[in-house]
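Structural characterization, general
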Amino acid sequence: VSVYPETLLDRASRWTRRHPALAAGLLAFAAAAALAVIAILGIQSSHVREQERLAQEQARLARAKSLAESRSRVDVQKRLEQERAEKDRLNRRAEAWSHYLRGVDLAHRLGLEPEAVAALTEAVRIDPQFTEAYFERASALVRQGKPQPAMADYLTTDRLTRELTGKGHAQALW
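Residues numbered from 1 in each chain as written. Predicted model: local features only at pLDDT ≥ 70, side-chain atom pairs only at ≥ 80, totals over all residues. Heavy atoms only, no water.

1. A look at the overall build of the protein
- Of the regular secondary structure elements, the protein holds 5 helices and 0 strands.
- Secondary structure elements of the protein, listed N to C terminal, follow the sequence α-α-α-α-α.
- Scaling as 2.2 N^0.38, a compact globule of 174 residues should have a C-alpha radius of gyration of about 16 Å, whereas the protein reaches 48 Å, well beyond that.
- Taken along its principal axes, the extent of the C-alpha atoms in the protein is 150 × 25 × 25 Å.
- Carbon and sulfur atoms form 61% of the exposed surface of the protein, whose accessible area is close to 13100 Å². (Helix = DSSP H or I, 4+ residues; strand = E, 2+ residues; numbered from the N terminus. Rg over C-alpha atoms; globule rule 2.2 N^0.38 Å. Areas by Shrake-Rupley, 256 points an atom, 1.4 Å probe, with all protein chains shown as cover.)

If you want it as structure tokens, here you go:
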């Protein structure tokens, strides 16, 4: 009889031959455990990828929200500027109307053509788009016997009316 140290592989092989059912069960358990570890790692990997995707999506949404807010601020500022400009324009128009009404009153009721021309000139200075003021000033200039400056005002009246309506002023060029 000789005694020699048996290798681990030889011992496992002999044990497997003596206990085949137990060896098969252990092998199945090891395979199942390996598959479970692989599945868990796969699930964990997909979970990590999903978390990264969600973080990127949240960052993209945050950028989009920030951009929308900045655009909204810009839009609000533009609207405020437009409202201020419109308010200024309306204030100028109201002031021009007071001069216009004074000029019309001076010309038609009192017959004071020079004072009427001065008031209407002030209305035109305040609001250069004031078609009616140009027309009334031209009429007052004609009554004063100044047809050349009146013609310039009649032409301006016609041009402004054409810009506004697409048609000329019916009375300015009779």
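2. What about the packing of aromatic side chains?
- This model, assessed by the stated rule, comprises 4 aromatic pairs.
- Here Trp-97 and Phe-130 contribute two aromatic rings whose centre-to-centre distance is 5.2 Å and whose plane-to-plane angle is 45°, an arrangement assigned as tilted. Linking Trp-97 in helix α2 (residues 20-108) with Phe-130 in the loop between α3 (113-126) and α4 (131-144), this pair joins segments that are 33 residues apart in sequence.
- Three or more aromatic residues joined by ring pairs make a cluster, and in this case those are Trp-97, Tyr-100 and Phe-130.
- Here Arg-93 stacks its cationic end above the ring of Phe-130, 4.6 Å away from the centre of that ring. (Phe/Tyr/Trp six-rings, centres within 6.5 Å; stacked < 30°, edge-to-face > 60°. Lys NZ or Arg CZ within 6 Å of the ring centre and 35° of its normal.)

3. A word on the pattern of salt bridges
- Here the structure, examined in full by the defined rule, presents 11 salt bridges.
- In this structure, Arg-60 engages Glu-57 in a salt bridge whose closest nitrogen and oxygen atoms are separated by 2.6 Å. Note that Arg-60 and Glu-57 are positioned in helix α2 at a spacing of 3 residues, about one turn of the helix.
- Between Glu-86 and Arg-89 there is a salt bridge, and its shortest N-O distance comes to 2.7 Å. With Glu-86 and Arg-89 both in helix α2, this residue pair falls 3 residues apart, about one helical turn.
- The partly exposed category is assigned to Glu-86, whose relative accessible area is 36%. (Salt bridge = Lys/Arg side-chain N within 4 Å of Asp/Glu carboxyl O. Buried < 20%, exposed > 50% of the residue type's maximum accessible area, 1.4 Å probe, protein only.)

4. Observations concerning the layout of surface pockets
- The space that makes up the largest pocket amounts to roughly 170 Å³.
- The wall of the largest pocket is formed by Arg-93, Gln-129, Thr-131, Glu-132, Leu-160, Thr-161, Glu-163 and Leu-164.
- Ranked by residue count, the leading element in the lining of the largest pocket is helix α5 (residues 147-165), at 4 residues.
- Its residues placed into classes, the lining of the largest pocket shows 2 nonpolar, 3 polar and 3 charged. (1 Å grid on protein atoms, 1.4 Å probe; cavity = no way out; pocket = protein on both sides within 12 Å on 5 of 7 lines; lining within 4 Å. Points joined across faces, edges and corners; volume = space filled by probe spheres on them. Nonpolar A, V, L, I, M, F, W, Y, C, P; charged D, E, K, R; others polar.)

5. What to know about α4
- Between its first and last C-alpha atoms α4 spans 20 Å; for 14 residues at 1.5 Å apiece the expected length is 20 Å, and the two agree.
- Among the residues making up α4, those that are buried are Thr-131, Ala-133, Tyr-134, Phe-135, Glu-136, Arg-137, Ala-138, Ser-139, Ala-140 and Leu-141.
- Those residues of α4 hidden inside the fold are in contact with α2, α3 and α5.
- Just downstream of α4, Gly-145 is the residue with a positive phi angle, here 85°. (Expected span 1.5 Å × (residues − 1). Contact = heavy atoms within 4.5 Å.)

6. Brief notes about the side chain of Thr-156
- With respect to the helices and strands, Thr-156 occurs in helix α5.
- With relative accessibility at 18%, the residue Thr-156 sits in the buried group.
- Within the structure, Thr-156 has its side chain in polar contact with the backbone oxygen of Ala-152 (distance 2.9 Å). (Polar contact = N/O pair within 3.5 Å; in protein donor to acceptor, adjacent residues only side chain to side chain.)

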